[in-house]
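Take a look at the letters that make up each chain.
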Amino acid sequence: MDYIYCVRSVRDGEFTAEPGANYFLKVTSSVKNHKPSHQINKDTWIKAVLADARHGPQDDAPVGDIVVYIHGVNTPMKTMLERQRLLRKGLEKFGFEGSVISFDWPSDDRALNYLEDRSDAKMTALRLVDEGIASFAAMQPPDCRINLHLVAQSMGSYVVREAFDDADDRPGVAAHSWSVSQVMLLSGDISASSMAEGASKSSSLYRHCVRLTNYFNPFDDVLSLSNVKRVGVSPRVGRVGLPGNRPDKAVNLNCGNYINAKRGNFAGVANAAHTWYFYDDVVMEDMAHTIRGDTDRHEIPTRLQGSAGNLVLWPAGVPVG
């Protein structure tokens, strides 16, 4: 089964690209596109996800992992579901045994809808925390050790940052204890300057996570300042990385040399420089290590030490150059 938390509106029995109510969906593996008819009760949905997340010895208390995938801009629902499944399959290949679910915010599938999608992303972001993360925290028993992790791609990174920032401004949400373990940004479409230590926009995100890993590609043409579809906004973390004055819990992972060397592997992937992460085993192995959290950031075997305090994505045992 695939589990999806969707916040799109409904028209004629189908989801639209506009914000709507909360839908908690349970989808069989044969389904290619989720629909409102897949809705189940919220409490039933959360309990099912928690049960799916459990793995390993359960003697002392429930143990497990939930990965929440937050898609980016210009992502059709069919593509979102495909990538959710690619993410689960890729992580499982390297030992992940938990649950992979999605937060489906109302992105359109037209590149020129960038500004409207950004507005919809901000409008629905808080629900990722108050109806999603906080709800999981509330339904877990005190001795539960099921960790929650976020994988946000492109504008999904903006959704996460805004969700955490808004949550701390709402007394009803801020009063409850909630946090996530690992946050992983892929081709993050948020400004690099906003992710500096002490920046007001990102302080809540850093405060409510154990570690944040930023996977970035300097050759990501979708995030280029010259891309007119993005109306020339400031440099993005998915292209230039996190700033040098970032918190110690933030990890910068430069993927540029690796993707350049492997570019031929992604010839059939749309916007490959921006979306290739879902199709690559080295990224999935690195993320699996990150989720487990039992290896120091500098010792994960898919990484090398780079310059300016950055780490570099590179397969273990493969010479550089």
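Definitions and cut-offs
- Residues numbered from 1 in each chain as written.
- Predicted model: local features only at pLDDT ≥ 70, side-chain atom pairs only at ≥ 80, totals over all residues.
- Heavy atoms only, no water.
- Phe/Tyr/Trp six-rings, centres within 6.5 Å; stacked < 30°, edge-to-face > 60°.
- Helix = DSSP H or I, 4+ residues; strand = E, 2+ residues; numbered from the N terminus.
- Buried < 20%, exposed > 50% of the residue type's maximum accessible area, 1.4 Å probe, protein only.
- Core = buried A, V, L, I, M, F, W, Y, C linked by side-chain atoms within 4.5 Å.
- Contact = heavy atoms within 4.5 Å.
- Expected span 1.5 Å × (residues − 1).

1. Section: the packing of aromatic side chains
Tallied over the full model, the rule gives nine aromatic pairs. When the ring of Tyr 69 is compared with that of Phe 278, the centres are 5.4 Å apart and the planes differ by 70 degrees; the resulting orientation is edge-to-face. Taken as a pair, Tyr 69 in strand β3 (residues 63-70) and Phe 278 in the loop between α9 (272-275) and α10 (281-292) lie far apart in primary sequence, 209 residues in all. Relative to Trp 276, the ring of Tyr 258 lies with its centre 5.8 Å away and its plane at 40 degrees, an arrangement referred to as tilted. On the criterion of sequence distance, the pair formed by Tyr 258 in helix α8 (residues 256-261) and Trp 276 in the loop between α9 and α10 is long-range, its members being 18 residues apart. An identical accessibility class is assigned to Tyr 258 and Trp 276; each is buried.

2. Some details on the nonpolar core
In this structure, Ile 66, Ile 70 and Phe 164 are the most contacted members of the largest nonpolar core, which totals 49 residues. For this core, the element with the most residues is helix α3 (residues 114-139), which contributes eight residues. Phe 164 has contacts with Val 129, Ile 133, Leu 150, Trp 178, Val 180, Ser 204, Leu 205 and His 208, leaving out every residue within four places of it along the chain. Counting 40 residues, the second largest nonpolar core, distinct from the first, contains Ile 259, Phe 266, Tyr 277 and Val 283.

3. Let's talk about helix α4 (residues 156-169)
Helix length check: α4 (14 residues) gives 20 Å between terminal C-alpha atoms against 20 Å at 1.5 Å per residue, within 8%. Burial of α4 is extensive: twelve of the 14 residues sit out of reach of the surface. When α4 is considered as a whole, its buried residues turn out to be Gly 156, Ser 157, Tyr 158, Val 159, Val 160, Arg 161, Glu 162, Ala 163, Phe 164, Asp 165, Asp 166 and Ala 167.

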